[in-house]
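# Overview (structure and organization)
Here's the letter readout for the chains.
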Amino acid sequence: MVHNERCPSCSRRLIVSRFDTTFRMPDRSEQLHFGIPGRLCEACSQLYIDPDLIELLELSRGRCVFAIESDLVVQEQARSI
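Below, the structure is looked at part by part. Remember, predicted model here, so these are calculated numbers, not experimental data.

So, how was this worked out
Along each chain, the written sequence defines residue order, and numbers are assigned to residues from 1. The predicted origin of the model limits local features to residues at a pLDDT of at least 70 and limits the giving and counting of side-chain atom pairs to 80 or more, whereas totals for whole chains, interfaces and linings rest on all residues. Computation of side-chain values: all heavy atoms of the structure, hydrogens and water removed. Segments assigned H or I by DSSP are reported as helices when at least four residues long, segments assigned E as strands when at least two residues long, and all are numbered from the N terminus. Think of it in three bands: with a 1.4 Å probe and only protein chains considered, a residue is buried below 20% of the maximum accessible area for its type, exposed above 50%, and partly exposed in between. It only takes one pair of heavy atoms within 4.5 Å for two residues to be counted as in contact. Here the open area of atoms and residues is found with the Shrake-Rupley method and a 1.4 Å probe, where only the protein chains shown may cover a residue. Should a side-chain nitrogen of Lys or Arg be within 4 Å of a carboxyl oxygen of Asp or Glu, the pair is scored as a salt bridge. Residue types Ala, Val, Leu, Ile, Met, Phe, Trp, Tyr and Cys, when buried and joined through side-chain atoms within 4.5 Å, form a set referred to as a nonpolar core. Residues forming no salt bridge and having over 30% relative accessible area are the ones grouped into patches, like charges within 9 Å of each other and nonpolar side chains (Val, Leu, Ile, Met, Phe, Trp, Tyr) within 5 Å. Here, a disulfide means two cysteine sulfur atoms that sit within 2.5 Å of each other. Paired strands, as defined in this entry, are two strands with at least two bridges between them according to DSSP.

Scanning the protein chain from terminus to terminus reveals two helices and five strands. Mapped in sequence order, the helices and strands of the protein chain form the string β-β-β-β-α-β-α. Out of the 81 residues in the protein chain, the part that is buried amounts to 30%. Counting contacts in the protein chain only where the partners sit at least 6 residues apart, residues at least 24 apart contribute 51% of the total. Carbon and sulfur atoms form 49% of the exposed surface of the protein chain, whose accessible area is close to 5,800 Å².

What follows deals with the pattern of salt bridges. Overall, the coordinates contain three salt bridges when judged by the stated rule. With its nearest N and O atoms 3.3 Å apart, the salt bridge here joins Glu 42 to Arg 13. Residue Glu 42 is found in the loop between strand 3 (30–41) and strand 4 (47–48), and its partner Arg 13 is found in strand 2 (residues 13–24); the two are separated by 29 residues along the sequence. Overall, Glu 42 belongs to the partly exposed group, its relative accessible area being 39%. Between Glu 30 and Arg 24 there is a salt bridge whose closest N-O contact spans 2.7 Å. Accessibility expressed as a relative area gives 28% for Arg 24, which makes it partly exposed.

Among the nonpolar cores identified, the biggest contains nine residues, and these are Phe 19, Phe 23, Met 25, Ile 36, Leu 47, Ile 49, Leu 53, Ile 54 and Leu 59. Residues contacting Phe 19, with those up to four places away along its chain left out, are His 33, Phe 34, Gly 35, Ile 36, Gly 38, Arg 39, Leu 40, Leu 47, Ile 68, Glu 69 and Ser 70.

Attention shifts here to a nonpolar patch on the surface. A surface patch of nonpolar side chains, about 250 Å² in accessible area, is lined by Val 65, Phe 66 and Ile 68. Exposure remark for Val 65: the relative accessible area of 31% places this residue in the partly exposed category.

Counted according to the given criterion, the structure contains zero disulfides. The closest cysteine sulfur to the non-disulfide-bonded Cys 41 is located on Cys 44, 3.5 Å from its own sulfur.

This part is about the side chain of Thr 21. As for its position among the elements, Thr 21 is in strand 2. Taking relative accessible area as the criterion, Thr 21 reaches 3% and is therefore assigned buried. With residues near it in sequence (within four places) discarded, Thr 21 still touches Gln 31, Leu 32, His 33, Ile 36, Leu 47, Cys 64, Phe 66 and Ala 67.

Where strand 2 meets strand 3, 10 bridges bridge the pair, whose relative direction is antiparallel. Bridging across to strand 3, Val 16 finds its partner in Arg 39. The hairpin turn running from strand 2 into strand 3, its antiparallel successor, is five residues long, and Arg 28 in that turn takes a positive phi close to 75 degrees. Bridge analysis of strand 2 against strand 5 (residues 63–69) gives six bridges, and the strand direction is antiparallel. Bridging from a neighbouring strand, Phe 19 pairs with Glu 69 of strand 5.

Here it is, written out as structure tokens:
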């Protein structure tokens, strides 16, 4: 987890990690994606994902409705303690 980037909206720190996400598509279907690299704002809860990755995964018409830090990241952090 890296804390050196700032949120474009509120200038607070971003948590750089991998996230398990749910995207809701225009037809109301949902797509689950695991281990997506991204940056999450600590204050406004905005998730930032590389636009090229969004395009590659064909999610540009969808909206992220849920994101949580990946269990794999949390487990790695626990092992390093």
